[in-house]
Amino acid sequence: IITPPLIIAGALNLDLETTGFLVSMALFASGISTFIQCKRVGSIGTGLLCIQGTSFSFIGPIISTGLAGGLPLIFGVCMAGSVVEMLISRVLKYAKKVITPLVSGIVVTLIGMSLVKVGITACGGGVIAQENGTFGSFENLGLALLVLVLIIFFNRSNNKYLRMSSIVIGLVVGYVVAYFMGMIDFSSVQSYSGVNIPIPFKYGLAFSWSSFIAVGLIYMITAIEAYGDITANSMISGEPVEGEKFIKRASGGILADGFNSFLAGVFNSFPNSVFAQNNGMIQLTGVASRYVGYYIAAFLVILGLFPAVGLVFSLMPEPVLGGATLLMFG
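First, a word on what this report is: a plain description of the structure on this page.

As for empty space enclosed by the protein
Working step 1: Tallied over the full model, the rule gives one cavity of 30 Å³ or more.
Working step 2: Approximately 30 Å³ is the volume attributed to the largest cavity.
Working step 3: Sort the elements by how many residues they give to the lining of the largest cavity and helix 2 (residues 16-39) lands first, with four residues.
Working step 4: The class makeup of the residues in the lining of the largest cavity is six nonpolar, two polar and no charged.

Spelled out as structure tokens, the structure:
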């Protein structure tokens, strides 16, 4: 949830306070989205243990949009584009015939290729390092390599918990090492106290057709991804994966994907999507009760309301984030 806003903020060279606020709002929006998915409000949601969070798929188009028009254009286009996914949820039977695996595969591949550049830039130290002449230094590249190697190492572990936590472990270890290397300055933050008050449309809204088309296409792909995730979620939860009941559940889940992304834009966050990790966790724990999702949703909302959480993560050095980004999208 927190990694996409960190990557986007780093690529757009946003200040520390803005980055911290975006991280907090990502947690807050994901909490609300998770509750809607699990509860199934009217026809919106799956009614399954279905955690939602900030989507990685949109990072490339969002960065391009942000470079063209800043945060107002990002949130305006993301909110407008969410209508695409909501419309697809209403014609799910027919959309599957148009958006084939070949189409979605090409788009997802291009997303990954565009993000490799972001990862490499972050490994070298990011925009700040380019400005102060430390880009590509031994410290930056060594730290990025450490994170990358740690993630690969734990991802190949026989221990299922270490495998699932590989990215988190890599980021945490990298963060700690960076602190002892003097790359993290907690004194740069004026205050860790207080409460984040979610302010709708804090950064304003703007619109561009070219950005809308790029983002709208990703919403189409996200709808198909969500359909697959919901199918797997239903199957391992002991629910039907065909018939009218399943179609209503899948349509409601994709509709919630779009609606929650619109809601995320209102609260200054980025598009949300169903997490594929839900299926692995249900299989591991044997727990598929959607009531667990209510507690998780509340936990995410509470985390988002405390600025200290967002600010601590916003101090994460670019090379640490770059090592993880390069591996995840390369």
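Anyway, onward from the coordinates.
Digging into a nonpolar patch on the surface
Working step 1: A grouping of V168, V172, V176, Y179, F180, F186 and V312 is seen on the molecular surface, where their side chains present a nonpolar patch of about 640 Å² in accessible area.
Working step 2: The residue V168 is located in helix 9 (residues 166-180) in this model.

Overview of the side chain of S82
Working step 1: Take S82: it is sitting in helix 3 (residues 59-90).
Working step 2: Overall, S82 belongs to the buried group, its relative accessible area being 0%.
Working step 3: When near neighbours in sequence (up to four residues on either side) are disregarded, S82 contacts Y219, G258, S261 and F262.

Analysis parameters
Residues numbered from 1 in each chain as written. Predicted model: local features only at pLDDT ≥ 70, side-chain atom pairs only at ≥ 80, totals over all residues. Heavy atoms only, no water. 1 Å grid on protein atoms, 1.4 Å probe; cavity = no way out; pocket = protein on both sides within 12 Å on 5 of 7 lines; lining within 4 Å. Points joined across faces, edges and corners; volume = space filled by probe spheres on them. Helix = DSSP H or I, 4+ residues; strand = E, 2+ residues; numbered from the N terminus. Nonpolar A, V, L, I, M, F, W, Y, C, P; charged D, E, K, R; others polar. Patch = residues over 30% accessible without salt bridge, like charges linked within 9 Å, V, L, I, M, F, W, Y side chains within 5 Å. Areas by Shrake-Rupley, 256 points an atom, 1.4 Å probe, with all protein chains shown as cover. Salt bridge = Lys/Arg side-chain N within 4 Å of Asp/Glu carboxyl O. Buried < 20%, exposed > 50% of the residue type's maximum accessible area, 1.4 Å probe, protein only. Contact = heavy atoms within 4.5 Å.

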